[in-house]
Amino acid sequence: MLQYEKEFDPAVEDSAVGTGYAADNEVYVFDDERLVLAVNVALKTGRPLLLFGPPGSGKSSLAPNVARELGWTFHAQVVTARTEPEDLLWRFDAMKRLNDAQAKALRPLGDYYEHGPLWRAFEEGAAGKRSVVLIDEIDKADPDLPNSLLGPLGSLSFSLPWDDTQRITVAEEHAPLVVITTNDERELPRPFLRRCIVFELDSPSKEHLIRVARQHLGAHYDERLADMIADHLIGIRDDRAEDPAGPSTAEYLDALKASHQLQVMPGTHEWDVLEAVTLRKRERRGTAGRPA
């Protein structure tokens, strides 16, 4: 066990929680001590935590669960190819301002700026509150977007877009934890990488899958079924070693919930269909067409 002074110290529970199914932001199995240490390093250095890893490894669900464990607020933005660098701080509603101008009902310019996740986190930090910000799939954006984060995250401040003489500034002790995920579809700029704490998540092990099932399914958890379906998922992943994704934890939970509720057991014809629609799907054949 790694021994150090932890600010973030989540418990790893193995007992079932609650009577119903848990949502993704309600349960996260923190059974990788290296990942917990990486979160603590990011907290102590004030650097963003950049997460690599295959789909389904838990990149996107980490941040809301860290926020839940710490009792901090949570903000998120999923990045797309259309996301502009300033969108993480603000978005100007030009149409709303045009409509108000035509109605001769213009308001102060600041009223037309929608606050992005970093703006909200900085405002809360300036008020002495802590938050976690998730910037999901940053590799989908233009390279200018990662570099645009260096200024505000490095200085913990930014100027108001309509008045550069005014700034929102956060003290270090109230800085947000910024968690950034990437699917590694595009190489990220080196200056950006140098200013991040970088961690790569592995595909979930059988032990991890079963712990996740126990936590998510609560009173519906069936140990024998969870074990059998975890074996099926690992087998599919091993058969498709060239596919770095394989079935994800979410797909495992789907198969487990459906199997339990429909009373469909592995080894039956019904299971073959259930497995095909939850775990195998289109066998992830890349550019291949529909399966025969």
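Before going into details, it helps to say that this report is about the structure given with it. Just so we're clear, the structure is a prediction, and the values are computed from it rather than from any experiment.

Bringing helix 10 (residues 249-262) into the picture now. An α-helix turns once every 3.6 residues. As a result, residues three or four positions apart point the same way. Taking 1.5 Å per residue as the helical rise, helix 10 with its 14 residues ought to reach 20 Å, and the 20 Å between its terminal C-alpha atoms agrees with that figure. Packing partners of the buried residues in helix 10 comprise helix 8 (206-217), helix 9 (223-239) and helix 11 (269-280). Measuring from the side-chain oxygen of the N-cap residue of helix 10 to the backbone nitrogen of A250 gives 3.3 Å; that N-cap residue is S248. Q263 occupies a position one or two residues after helix 10 and carries a positive phi of about 55°.

Moving on: the packing of aromatic side chains. The tally for this structure, following the rule as stated, stands at 10 aromatic pairs. Arranged with centres 6.2 Å apart and planes meeting at 40°, the rings of W90 and F158 form a pair that is tilted. Note that W90 is positioned in strand 3 (residues 90-92) and F158 in strand 6 (residues 157-160), a separation of 68 residues in sequence. Classification of W90 as buried rests on a relative accessible area of 18%. Three or more aromatic residues joined by ring pairs make a cluster, and in this case those are W90, F92, Y113, W119, F122, F158 and W162.

Right, let's talk about the pattern of salt bridges for a bit. Per the stated rule, a full pass over the model turns up 14 salt bridges. Between D31 and R211 there is a salt bridge, with its nearest N and O atoms 3.7 Å apart. Residue D31 is found in the segment before helix 1 (33-45), and its partner R211 is found in helix 8; the two are separated by 180 residues along the sequence. The exposure class assigned to D31 is partly exposed, which follows from its relative accessible area of 27%. A cluster of three or more residues bridged by salt bridges with shared partners is formed by D32, R34 and D202.

So, about the pairing of strand 9 (residues 197-200). Only one face of strand 9 is covered, namely the face carrying I197 and F199; the face carrying V198 and E200 is uncovered. Pairing of strand 1 (residues 49-52) with strand 9 involves four bridges; the strand directions are parallel. Considered in strand 9, the bridge of L50 is made with V198.

Inspection of the sheet shows strand 6 paired to strand 7 (residues 163-169) by four bridges, in the antiparallel sense. Looking at strand 7, one finds that F158 is bridged to I168.

Cut-offs and rules
Residues numbered from 1 in each chain as written. Predicted model: local features only at pLDDT ≥ 70, side-chain atom pairs only at ≥ 80, totals over all residues. Heavy atoms only, no water. Helix = DSSP H or I, 4+ residues; strand = E, 2+ residues; numbered from the N terminus. Expected span 1.5 Å × (residues − 1). Contact = heavy atoms within 4.5 Å. Polar contact = N/O pair within 3.5 Å; in protein donor to acceptor, adjacent residues only side chain to side chain. Phe/Tyr/Trp six-rings, centres within 6.5 Å; stacked < 30°, edge-to-face > 60°. Buried < 20%, exposed > 50% of the residue type's maximum accessible area, 1.4 Å probe, protein only. Salt bridge = Lys/Arg side-chain N within 4 Å of Asp/Glu carboxyl O. Pairing = 2+ DSSP bridges.

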